[in-house]
2 protein chains.
Amino acid sequence: MENNKIIITISREFGSGGRELGKRLSDTFGIPCYDKEIIALIAKEDGFDENYVAHMSEKKIQSAYPLTIGHQFITAMNHEAEQAIKIAIRQRKIIERFAAQGSCIIVGRSADVILEKYSPFNIFVYANREVKLQRCKAYAPVGENLTTAELEQKMREIDKNRAAYRSFLTDTKWGEKETYHLCINTSTIEIKRIAPYIAAYVNEWFKQKQA
Amino acid sequence: MENNKIIITISREFGSGGRELGKRLSDTFGIPCYDKEIIALIAKEDGFDENYVAHMSEKKIQSAYPLTIGHQFITAMNHEAEQAIKIAIRQRKIIERFAAQGSCIIVGRSADVILEKYSPFNIFVYANREVKLQRCKAYAPVGENLTTAELEQKMREIDKNRAAYRSFLTDTKWGEKETYHLCINTSTIEIKRIAPYIAAYVNEWFKQKQA
């Protein structure tokens, strides 16, 4: 039965519009799309502040991992490292729960790896630097006034951490096209224009899979 | 005017079905698709044997390039090297001629780089090893009875040469997703099923471009 579900995962470079694509596919397929909802749920169920969970979930887990260079140092890192790992595990469990519940779209969080047993359709969304910067500026949280250089630094950092997070779960590499069914460059096209055709493509893929 | 043309380029791993996709898009758009036709034209116009041109056009140009390790050696390599380069130049000119004539689809031969001034829509088609081997076996030329190992060696060799050929023309890398507008993994889907949606996607892209 698991294989009759429509599970779509969207991995994406920061600022490339993966979330927008997720929401649009969600509308077309009439199935839920989970992105920040995962963070919100962890915050709610575990009694954390949502911003804190969001922050910790984008942390580089590897660097937060306790190092064995003396007892003092381990203790100093321990709390943050433990939290980052704890949140990563919670994320994985919630993603598994969503998929168990039914068809859905998951944006980010290495859902393509976590949900492998469902044989999901895996999309990677990417764009050039300028377009991503533009998009980030347009959608910046209220009060965030980063310079272009700072924003670029943030973009790089987040993508690096996403790749690092993925490397915890699997040997295949984040962003390597072989890992995905379709890689979409959003540098020169509005997502709303192409979303219907991506949906039709994905739908056809599931039809062949279920045939 | 040049920018109102529909120029689609399809780069592809050997055996991934790029040619089939090209032919199907050609039917949908009602525009010509050039692949082996380029080889045939060079053979015809230059009075070569078609198989010879096909063979030389897949040669690794870099290794055929004359090396300066003594006069003897240069002379020994010269004829084949010259021919490979001559054919590469003829290929480029014919591709430019086709694009100048009107809307078209070009499969392979680094047409995405050669036709950059037209801002073509650039597709990359790829698949996993097993699927490519299967496809190569199904479409093997009459009389070709390669073992799986030999076929794999041929696949690798041809793809390597395609990458090398491209590196003559540009710094961007063959197969790197950033270079293309859409990267399509044909490992788990029949091309005939998805071709209509790719066509619709590409059509929408040109509509936005021309708007």
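Residues numbered from 1 in each chain as written. Chains lettered and ligands numbered in written order. Predicted model: local features only at pLDDT ≥ 70, side-chain atom pairs only at ≥ 80, totals over all residues. Heavy atoms only, no water.

Trainee: Please clarify how the interface of chain B and chain A should be interpreted in this entry.
Mentor: Where the parts come together, the accessible area they lose is often given as the size of the interface. Taken together, the contact pairs 25 residues of chain B with 25 residues of chain A. It is K177, Y201 and Q208 of chain B that lose the most area in chain B upon contact with chain A, and together they represent 25% of the buried surface on that side. Applying the counting rule to chain B against chain A returns 2 salt bridges. At the surface where chain B touches chain A, the tally comes to 21 residue pairs in polar contact (both at pLDDT 80 or more). Of all the elements in the fold, those that place two or more residues in the side of chain B that touches chain A are strand 4 (121-126), strand 5 (182-185) and helix 9 (191-210) of chain B. Its residues placed into classes, the side of chain B that touches chain A shows 13 nonpolar, 5 polar and 7 charged. Here 3 bridges tie strand 5 (residues 182-185) of chain A to strand 5 of chain B, and the two strands are oriented antiparallel to one another. Bridging across to strand 5 of chain B, I184 of chain A finds its partner in L182 of chain B. (Contact = heavy atoms within 4.5 Å. Buried area = accessible area lost by both parts, 1.4 Å probe. Salt bridge = Lys/Arg side-chain N within 4 Å of Asp/Glu carboxyl O. Polar contact = N/O pair within 3.5 Å; in protein donor to acceptor, adjacent residues only side chain to side chain. Helix = DSSP H or I, 4+ residues; strand = E, 2+ residues; numbered from the N terminus. Nonpolar A, V, L, I, M, F, W, Y, C, P; charged D, E, K, R; others polar. Pairing = 2+ DSSP bridges.)

Trainee: For this particular structure, what's the right way to read helix 8 (residues 148-169) of chain A?
Mentor: In an α-helix, one turn spans 3.6 residues, which is why side chains three or four residues apart end up on the same side. Taking 1.5 Å per residue as the helical rise, helix 8 of chain A with its 22 residues ought to reach 32 Å, and the 32 Å between its terminal C-alpha atoms agrees with that figure. All of the buried residues along helix 8 of chain A are L151, E152, M155, I158, D159, N161, R162, A164, Y165 and R166 of chain A. (Expected span 1.5 Å × (residues − 1). Buried < 20%, exposed > 50% of the residue type's maximum accessible area, 1.4 Å probe, protein only.)

Trainee: Would you mind going over the relation of the copies chain B and chain A with me for this structure?
Mentor: Two copies of the chain are present, and they differ by a rotation about an axis and a shift along that axis. Overlay of chain B on chain A (RMSD 0.0 Å): rotation 180°, translation along the axis 0.0 Å. Here the transformation between the copies is reduced to the relation of a two-fold axis. Taking C-alpha positions as the reference, the residue of chain B nearest the rotation axis is C183 of chain B, at 2.5 Å. (Least-squares fit on C-alpha atoms with pLDDT ≥ 70 in both.)

Trainee: Help me understand the packing of aromatic side chains in this model?
Mentor: Within a pair of aromatic rings, the relevant descriptors are the distance that separates the centres and the angle that separates the planes. Residue and element names in this part refer to chain B. Per the stated rule, a full pass over the model turns up 16 aromatic pairs over all chains. Ring geometry for F121 and W205: centres 5.1 Å apart, planes at 70°, overall edge-to-face. A residue pair is termed long-range when its members are at least 10 positions apart, and F121 in strand 4 and W205 in helix 9 qualify at 84 residues. Residues F121 and W205 agree in their burial class; the two are buried. (Phe/Tyr/Trp six-rings, centres within 6.5 Å; stacked < 30°, edge-to-face > 60°.)

Trainee: Would you take a moment to explain the nonpolar core for this structure?
Mentor: If you look at soluble globular proteins, the nonpolar side chains tend to sit buried side by side. Grouped together as the largest cluster of nonpolar side chains are 50 residues, with contacts concentrated most on I123 of chain A together with I123 of chain B. Those residues in contact with I123 of chain A that lie beyond four places of it in its chain are I8, T9, I10, S11, L21, L25, Y180, L182, I184, I198 and V202 of chain A. (Core = buried A, V, L, I, M, F, W, Y, C linked by side-chain atoms within 4.5 Å.)

Trainee: Would you take a moment to explain the sheet that holds strand 4 (residues 121-126) of chain A for this structure?
Mentor: Hydrogen bonds between backbone groups are what pair the strands of a sheet, and the pairing can be parallel or antiparallel. Spatially, 10 strands are ordered 2(A)-3(A)-1(A)-4(A)-5(A)-5(B)-4(B)-1(B)-3(B)-2(B) in an open sheet, and the strand pairing comes out mixed. The sheet terminates laterally at strand 2 (33-34) of chain A together with strand 2 (33-34) of chain B, the two strands that pair on one side only. Along the sheet face, helix 1 (residues 18-29) of chain A touches strand 1 (7-12), strand 2, strand 3 (104-107), strand 4 and strand 5 of chain A and points at about 165° away from the line of strand 1 of chain A. In this fold helix 9 (residues 191-210) of chain A packs onto strand 1, strand 4 and strand 5 of chain A together with strand 5 of chain B, with an angle of close to 155° to the strand it touches most, strand 4 of chain A. (Axes fitted to C-alpha atoms, helices over the stretch in contact; angles between N-to-C directions.)

Trainee: Looking at this structure, how should I read the state of the cysteines?
Mentor: A covalent bond between the sulfur atoms of two cysteines is referred to as a disulfide. Counting across every chain of the model gives 0 disulfides over all chains. The cysteine C183 of chain B is free of any disulfide, with C183 of chain A supplying the nearest cysteine sulfur at 5.1 Å. (Disulfide = S-S within 2.5 Å.)

Trainee: Just to check I follow, could you spell out the pattern of salt bridges for this structure?
Mentor: Note on pairing: side chains with opposite charge can pair once their charged atoms come close. All names here are of chain A. Tallied over the full model, the rule gives 38 salt bridges over all chains. Between R129 and E152 there is a salt bridge whose closest N-O contact spans 2.4 Å. One end of the pair, R129, is in helix 7 (residues 129-138); the other, E152, is in helix 8, and 23 residues separate them in sequence. Residue E152 is classed as buried on the basis of its relative accessible area of 17%. Among the ionic contacts, a cluster of salt bridges with common partners joins E45, D46, R90 and R97.

Trainee: What is the right way to look at unusual backbone geometry in this model?
Mentor: Working note: non-glycine residues mostly have negative phi, and peptide bonds are mostly trans. All names here are of chain B. The backbone phi angle of R109 is positive, close to 60°, even though this residue is not glycine. The residue R109 is located in the loop between strand 3 (104-107) and helix 6 (111-114) in this model. Positive phi, normally seen in glycine, also occurs at S119, with a value near 45°. Along the chain, the position of S119 falls in the loop between helix 6 and strand 4. On the accessibility criterion, S119 (32% relative accessible area) is partly exposed.

Trainee: What exactly am I supposed to notice about the environment of D112 of chain A here?
Mentor: All names here are of chain A. Note on placement: D112 falls in helix 6 (residues 111-114). Discounting chain neighbours no more than four positions away, the residues touching D112 are T9, S11, P120, N122, R166, T179 and Y180. Side-chain polar atoms of D112 contact the side chain of R166, separated by 2.3 Å.

Trainee: Before we go on, may I ask you to explain the pairing of strand 3 of chain B in this structure?
Mentor: Successive residues of a regular strand alternate their side chains across the two faces of the sheet. All names here are of chain B. Side-chain alternation along strand 3 places C104 and I106 on one buried face and I105 and V107 on a second face that is also buried. Of the pairings in the sheet, the one linking strand 1 (residues 7-12) to strand 3 comprises 4 bridges and is parallel in character. Among the inter-strand pairings, I8 is bridged to a residue of strand 3, identified as I105. Bridging between strand 2 and strand 3 involves 2 bridges; their strand directions are parallel. The residue bridging Y34 from the neighbouring strand is I106, located in strand 3.

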